[in-house]
Amino acid sequence: MPDQVEYGQMLTDLIQKQMVVLGPNIALDKARKVPGLKVSDDGTVLEVSGDPQMVLKGVANEYMQLSGQIAQMTLNSLLEKYPQMKV
Amino acid sequence: MNSRLGSRCRLRVWLRFYKTKMIVNILLIIDFLMLAVVVSAYIYASLRERKFLRVKANQSLELQQKVYQAEVLKEISERIGYSLDTNKIVDIITSSLGNLLDYDAVSYMVLEEGGKVVFKCHVENTVNHQFIEDIKHKMLMSYEAILNSKIQTAGMDESITGNILNDNLKVKVESFFNLPVVISQKLVGLINVASKDRGRYGEEQASILYTITNQAATAVSKLQSVLQSEKGKLEAVIYSLADGVITVDLNYQLVVYNPVIRDILGIASGKPVTMYDIVDGLAGKVDLRTKIEQAIAEDKAISLPEVILKDKALELTIAPVKDSQGEIIAASAVFHDITTEKTLDKTRQEFTAMMVHELRAPLTAVRWSSESLIKNLSIASGVDQAKVKDTMVTIETASNNMLELVNDLLDVAKIESGKFDLNLQQYDIVEVINDQAKVFRPQAEIKHLAINVTAPPKYMLKFDRVRIGQVLGNLISNAIKYSDSGQIDINLNINVEEKTATVSVKDTGIGVSREDLADLFSKFKQLKTGDRSRKGTGLGLVVSKGIVEAHGGKIWAESPGENLGSTFCFSLPLDK
């Protein structure tokens, strides 16, 4: 079972990767729409409140809405790095 | 008394005043309350109206946005048309999206199948070279992050259009976003919108572009899927054709081919067929390119009725391929293998020649004998009775030969038309074998051949006595014809388990080579032998096969090889 820190790390990786893929403004705007998540301008997750699994799902959904296939591709490569995570 | 009256009067006045004041106060309160209600109602109504107007305004804005999105999508769809060229599609989407928001440069990057990177940038407002380099770098980073692999940029196809670049300008990319274009679940390109102003592109603006791009990509994906499906159907049809088919585009590039083309042109399997293989396969026989050009130029099919390639004869048809508007878009070539038809035609010609010869020989004999007879008879006094008899015998033999030949031809015709009737009854097969052996013994004895029969004393079967006798006679006659010494063994074997009665006629003659065995029962084939005296029409075996098969039986031949004798067998079902 991944802990809060691992969730935070994965969320940071996901957001920072999306900042590269989509561009920083849009990637940050999308992440900041998710309740319970505080993100710095460089994409580092500062705080995750509530259920981190739900927050991760929320962030993933936001990126999926923009470009489902691309979000899925980047998410898949991240899930290889964090095998214990589920989205 | 007066003072009491005065005070009572004052009290009354005060009471009246107080009462009036109370009423006024009450009225004032009521007024105030009513005013408050009215004001509240007004404020509430105003707020509601404002909210309503705001919702309406939002809806109107949303509607406007949707209309605009639809217009942009329509424009993209119209420009894309039925193209499946991903570079063109990404280029069209990029140029259409640029109208939706302010930018300094809009670019796209495509990774082609061979790994070549195509980068196109349109500069709207003057920027410097570094600005373009930054965009390129950011797009490459994005591409690599999506594909999770490094991209080789050597030999990148780059082009920059629009405003001039000015390196004295101190600007850099302050805002940008990337739009991945995914068609049929595959990343086909990346669009980048960049500005030198900070904080330019928020989620709201970018989302509209994402929506439009995704919708355009989805439409193209659907089109691609439909076209792929149609192409798949067409390819399946071409693949299932017995003829070799190729299609080349107007640049003479091979677009479609089916596997048959490999067999026809002798192209090795394992690697895709190229136009070079096709041209090489036809080298020295047909100048395919010229013929294709001719078919396109003349807008009509060109047919080459006979192209001989090694061991094959081909009929080649080259025709222009047109689209629904009648425009020539490609050319196709159909390679029809006519080797079998040609072989069959040759065999048929040989058979006809042989039949003519076979009929001419006895006819010549009849004519010659008739002339001789007339000549003899005209010399009234000196008729040589022996010579006349010999001549008459020759005429009879020749006529019988011709009749036999014509009967065989009629039998073959009956067999082929399915009008071959049998008179099936219970007969003793051993008796038929012995009868036929007896008929042919004198003929065999001339060549010092013995005919031996090995069979049970009697075996009853249901068959056509005359026709099976004909088959046996044919096999024994052949055995005598093709044997110069030794013996002919006729054997009857009853196999109760397999429910068959098999008759075999084994000789010690010239035998049959392995390649001739398969053709023995073919209409147009006859045993290859250099000896003219042994030559026949071969129709006897064809008729025998027809008779045996009409009984539900089988006929076949075995031979260990040339000059090693042969065995001809036929089997009849026991329960017929």
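About the criteria used
Residues numbered from 1 in each chain as written. Chains lettered and ligands numbered in written order. Predicted model: local features only at pLDDT ≥ 70, side-chain atom pairs only at ≥ 80, totals over all residues. Helix = DSSP H or I, 4+ residues; strand = E, 2+ residues; numbered from the N terminus. Buried ≥ 20, exposed ≤ 12 C-beta atoms within 10 Å, placed from the backbone. Contact = placed C-beta atoms within 7 Å. Nonpolar A, V, L, I, M, F, W, Y, C, P; charged D, E, K, R; others polar. Expected span 1.5 Å × (residues − 1). Arc of directions from axis to C-beta. Core = buried A, V, L, I, M, F, W, Y, C linked by C-beta atoms within 7 Å. Pairing = 2+ DSSP bridges. Axes fitted to C-alpha atoms, helices over the stretch in contact; angles between N-to-C directions. Bend = angle between axes of the 7 residues up to and from the residue. Right-handed = clockwise from strand over helix to strand, strands pointing away. pLDDT = per-residue confidence, 0-100.

K.L.:
Can you walk me through the overall build of chain A in this structure?
P.N.:
Helix and strand counts for chain A stand at three helices and two strands. When the helices and strands of chain A are read in sequence order from the N terminus, they spell out α-α-β-β-α. Looking at chain A as a whole, 43% of its 87 residues qualify as buried. For chain A, the share of sequence-separated contacts (at least 6 apart) that also reach a separation of at least 24 residues comes to 61%.

K.L.:
Help me out: how do you make sense of the overall build of chain B in this one?
P.N.:
Regarding its fold elements, chain B presents 13 helices and 17 strands. The buried share among the 576 residues of chain B stands at 26%. Relative to all contacts within chain B whose residues are 6 or more apart in sequence, the contacts with residues 24 or more apart total 62%.

K.L.:
Sorry, what's going on with the interface of chain B and chain A here?
P.N.:
How big an interface is tends to be expressed through the accessible area that disappears when the partners come together. Each side of the interface is counted separately: chain B has 21 residues, and chain A has 16 residues. Elements that contribute at least two residues to the side of chain B that touches chain A include exactly helix 3 (129–147), strand 4 (175–183) and helix 4 (203–240) of chain B. With six residues, strand 4 of chain B is the largest single contributor of residues to the side of chain B that touches chain A. Counted by class, the side of chain B that touches chain A contains eleven nonpolar, nine polar and one charged residues.

K.L.:
Explanation requested: helix 3 of chain B in the structure shown.
P.N.:
Residue and element names in this part refer to chain B. Taking 1.5 Å per residue as the helical rise, helix 3 with its 19 residues ought to reach 27 Å, and the 27 Å between its terminal C-alpha atoms agrees with that figure. Considered for burial, the residues of helix 3 that qualify are Phe 131, Ile 132, Ile 135, Lys 138, Met 139, Ser 142, Tyr 143, Ala 145 and Ile 146. Here the buried residues of helix 3 occupy an arc of 165 degrees about the axis, which is enough to place them on one side. Seen from the open side of helix 3, the exposed residues pointing more than 90 degrees away from its buried face are His 129 and Glu 133.

K.L.:
Which parts of the structure should I look at to understand the nonpolar core?
P.N.:
Where a protein is soluble and globular, its nonpolar side chains tend to be buried together. In this structure, A:Leu11, A:Ile15, A:Val59, B:Ala105, B:Ile135 and B:Val181 are the most contacted members of the largest nonpolar core, which totals 67 residues. It is helix 3 (residues 52–81) of chain A that provides the largest number of residues to this core, a total of ten residues. Beyond its immediate chain neighbours, meaning those up to four positions away, B:Val181 contacts B:Val90, B:Ile93, B:Val188, B:Gly189, B:Leu190, B:Ile191, B:Thr213 and B:Ala217. In this structure, B:Phe440, B:Leu461, B:Val543 and B:Leu572 belong to the second largest nonpolar core, which totals 34 residues.

K.L.:
Is there a simple way to think about the sheet that holds strand 8 (residues 302–309) of chain B in this case?
P.N.:
Within a sheet, adjacent strands bond to each other through the backbone by hydrogen bonds, running parallel or antiparallel. Residues and elements named next belong to chain B. Taken together, five strands build an open sheet; the order of strands is 7-6-10-9-8 and the sheet is antiparallel. At either end of the open sheet lies a strand with only one pairing partner, and these are strand 7 (254–257) and strand 8. Between one strand axis and the next, the sheet turns through 20 degrees on average, direction left out of account. Where strand 6 (residues 244–249) and strand 7 come together, three bridges link them in antiparallel fashion. When the sheet's bridge partners are listed, Val 248 is paired in strand 7 with Leu 254.

K.L.:
What's the story with helix 3 of chain A in this structure? I'm lost.
P.N.:
Structural remark: α-helix, 3.6 residues per turn; residues separated by three or four positions point the same way. For helix 3 of chain A, which comprises 30 residues, the first-to-last C-alpha distance of 18 Å sits more than 12% below the rise-based estimate of 44 Å (1.5 Å per residue). At A:Ser67, helix 3 of chain A is deflected by roughly 135 degrees, the largest bend along its length.

K.L.:
Got a minute to help me understand the sheet that holds strand 12 (residues 450–454) of chain B in this structure?
P.N.:
Residues and elements named next belong to chain B. Taken together, the five strands give an open sheet; going across it, the order is 12-14-15-17-16, and neighbouring strands pair in mixed fashion. Every other strand in the sheet has two partners, leaving strand 12 and strand 16 (554–558) as the edge strands with one partner each. Ignoring which end each strand starts from, the neighbouring axes of this sheet average 15 degrees apart. The pairing of strand 15 (residues 500–507) with strand 17 (residues 566–573) spans eight bridges and is classified as antiparallel.

K.L.:
Please explain the pairing of strand 3 (residues 157–162) of chain B as it appears in this structure.
P.N.:
Consecutive side chains along a regular strand alternate between the two faces of the sheet. Residue and element names in this part refer to chain B. Across the six residues of strand 3, zero count as buried, placing the element largely on the outside. Inspection of the sheet shows strand 2 (residues 117–123) paired to strand 3 by six bridges, in the parallel sense. By the bridge assignment for strand 3, Phe 119 is matched with Glu 158. A crossover links strand 2 with its parallel partner strand 3, the connecting element being helix 3, and its sense is right-handed.

K.L.:
I'm lost on the confidence of the model for chain A in this one. Help?
P.N.:
Low-pLDDT portions of the prediction should not be read for the details of their coordinates. Overall, the predicted model of chain A reaches an average pLDDT of 89, with 98% of residues at or above 70. Summarising per-element confidence for chain A, the mean pLDDT is lowest in helix 3 of chain A (88) and highest in strand 1 (residues 37–39) of chain A (94).

K.L.:
Got a minute to help me understand the pairing of strand 1 (residues 105–111) of chain B in this structure?
P.N.:
Residues and elements named next belong to chain B. Most of strand 1 sits out of view: six of its seven residues are buried. Both strand 1 and strand 2 contribute to a ladder of seven bridges, which runs antiparallel. Along strand 2, the bridge assignment pairs Val 110 with Val 118. Bridge analysis of strand 1 against strand 5 (residues 186–195) gives five bridges, and the strand direction is antiparallel. By the bridge assignment for strand 5, Met 109 is matched with Leu 190.

K.L.:
When you look at the environment of B:Ile318 in this model, what are you seeing that I'm missing?
P.N.:
All names here are of chain B. Locating Ile 318 in the fold gives a position in strand 9 (residues 312–322). Residue Ile 318 is classed as buried on the basis of its 25 C-beta neighbours within 10 Å. Placed 14 residues apart in sequence, Ile 318 and Ser 332 show a C-alpha to C-alpha distance of 5.7 Å. For Ile 318, the residues in contact, after removing those within four places along its chain, are Lys 291, Ile 292, Ala 295, Ala 301, Ile 302, Ala 331 and Ala 333.

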